[in-house]
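Architecture and fold: a report
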Amino acid sequence: MAKIKGMLLTLGFFIAVIIFLGFALIISNSFKSSRERVSDYIVFEKARVLDESTQEGFRNIFDKVSGITIVKGSTISFTEELPNGNDIKFRNNLSRFNNFTNSSYNININTSLSDDLALWIRPHDIKYYHVDFGDDIIKVQPRTFNFNKYRVDIVTDKVLDGTSCSGGGGSSKLDVTARGASGTSCNSNTVQNFKLYDNTDVLLAYVNIGNDILTIDSETKINVTTNIVSLNDLGKEVDIKTDDNALTINLSEYGFFKKSAIRVV
Amino acid sequence: MEVVKLFWNLPCGNKGQVFSLDAVIAIFLVMIVLISSFFMVNKENEENYELLQQFNLGNDIFTVLDVNGKLNSLNRNSIKTSIETILPKNFDYSFRLECEHKIVESNRSVSSTLVKGEKIVVTNNLDLCIMRYGIWPK
């Protein structure tokens, strides 16, 4: 009987010790797991901050140097000079920025995006780009025509007259207005193609729409605002972004890799 | 003394007291384990939350300064003033702004801080910099 009592007592202590050790193990694992989660979170946040600050840096360079102004709303407007004379400055600054980020982190900005400086309106998938940035052609190419129409506003320092605006072909998708020196102006609405001449009949600009693709061409210096009017509501916020392969972040020490577009607006 | 002796030498034996004592000790041990468990788990979480708070606070403050153009001057005193305007009084800070041709830093070294943040800064004059920073309770 005494032996059984002794064994029960030993068993009791044994169970108490096991419970104690079990708790110790649970606490220890909880410590470890909690600390790991915090470390993971901090690492992820570090990568996120670097990502966002790189994009912010790109936006600063774009705003200061590209010569393109974007206004975002239900209508998206891109304004720039054509031909855009900021191409070399933009390329140089982008290349410098890429070298700078590369020197400290494995963050790569695709400098070739300055070749056509394509800007995507998301989620509508409308591409605004240059045939060769710095050259004389702008194009707008929608995947589907999910907006009302194009409206192109041209400003020139030449004098316009009553025959300056020459529109042809009927299309409800394009309106063009032009303003010249000394308060002169003209416009052509619902046209398929449009030519702008000055008062000495020199061709200043050519605007055309074919297969829903808008082309604006001018070898003479003009200021052109391309309006993509009344975007359809797709239930998501509208963003203006670069190509999808613009930014590559490979922070291997954190196990973090990301390839993405850069949000411009 | 006689009474105590009598008490410990009951005719039915001492097993009642031993088991009671055993049960009390067991309950006492379990309570200690439970209380210390909760205490330690909470303490650990507090420490982690503090780290996260410092880290997020640092990110927020230096992002606000960047977005508001307060880093554009690349001037130490101007940056310090801007930080001290928005940093809660019970926190201290350090920063190091490493630009292409200039380094601006606070009195205290960033490397001594427990949790460091860093971000890329492009100023209005297109100076390219890396901002390293740390925030901790005073």
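One can find the structure itself at the top, above this paragraph.
We now turn to the structure provided with this report. Keep in mind the model is a prediction, meaning the values are calculated, not measured. (Residues numbered from 1 in each chain as written. Chains lettered and ligands numbered in written order. Predicted model: local features only at pLDDT ≥ 70, side-chain atom pairs only at ≥ 80, totals over all residues.)

**Considering the sheet that holds strand E3 (residues 107-109) of chain A**
All names here are of chain A.
- The antiparallel open sheet is built from three strands, whose spatial order is E3-E16-E17. Strands with a single pairing partner mark the edges of an open sheet, and in this sheet they are E3 and strand E17 (256-260). Adjacent strand axes in the sheet meet at a mean angle of 5° when their direction is disregarded.
- Across five bridges, strand E16 (residues 247-251) lies against E17 in antiparallel orientation. Bridging from a neighbouring strand, Thr248 pairs with Lys259 of E17. (Pairing = 2+ DSSP bridges. Helix = DSSP H or I, 4+ residues; strand = E, 2+ residues; numbered from the N terminus. Axes fitted to C-alpha atoms, helices over the stretch in contact; angles between N-to-C directions.)

**Let's talk about the interface of chain B and chain A**
- Of the residues lining the interface, 25 residues belong to chain B; the matching set on chain A comes to 29 residues.
- Elements represented by at least two residues in the side of chain B that touches chain A include exactly helix H2 (15-67), strand E3 (116-122) and strand E4 (128-137) of chain B.
- At 14 residues, the largest contribution of residues to the side of chain B that touches chain A is made by H2(B).
- Class assignment of the residues belonging to the side of chain B that touches chain A gives a composition of 15 nonpolar, five polar and five charged. (Contact = placed C-beta atoms within 7 Å. Nonpolar A, V, L, I, M, F, W, Y, C, P; charged D, E, K, R; others polar.)

**Considering unusual backbone geometry**
Residue and element names in this part refer to chain A.
- The peptide bond linking Leu82 to Pro83 adopts the cis configuration, its omega dihedral lying at -10°.
- Here Pro83 is to be found in the loop between strand E2 (76-82) and helix H2 (87-104).
- Here the amide bond leading from Arg122 into Pro123 is cis, since omega sits at 5°, within 30 degrees of zero.
- Considering the arrangement of structural elements, one finds Pro123 in the loop between strand E4 (119-122) and strand E5 (126-130).
- For Asp201, which is not a glycine, the phi torsion comes out positive at approximately 65°.
- As for its placement among the helices and strands, Asp201 is situated in the loop between strand E11 (191-197) and strand E12 (203-210).
- Among the residues examined, Asp201 registers 9 C-beta atoms within 10 Å and is labelled exposed. (Buried ≥ 20, exposed ≤ 12 C-beta atoms within 10 Å, placed from the backbone.)

**A few points about the environment of Gly57(A)**
- Residue position: Gly57(A) is located in helix H1 (residues 2-65).
- For the pair Gly57(A) and Val17(A), spaced 40 residues apart in sequence, the C-alpha separation works out to 59 Å.
- If near-sequence neighbours (up to four positions away) are discounted, Gly57(A) is found in contact with Phe97(A), Ile120(B) and Val122(B).

**Some points on H2(A)**
Residue and element names in this part refer to chain A.
- When the terminal C-alpha atoms of H2 are compared, their 26 Å separation across 18 residues agrees well with the 26 Å that a helix rising 1.5 Å per residue should span.
- Of the residues making up H2, those classed as buried are Asp87, Phe90, Asn93, Leu94, Phe97, Phe100 and Thr101. The arc enclosing the buried residues of H2, seen along the axis, measures out at 160°, which places them on a common side. Exposed residues on H2 whose side chains face more than 90 degrees from its buried face are Ile88, Asn102 and Ser103. (Expected span 1.5 Å × (residues − 1). Arc of directions from axis to C-beta.)

Shape descriptors only; they carry no functional weight alone.
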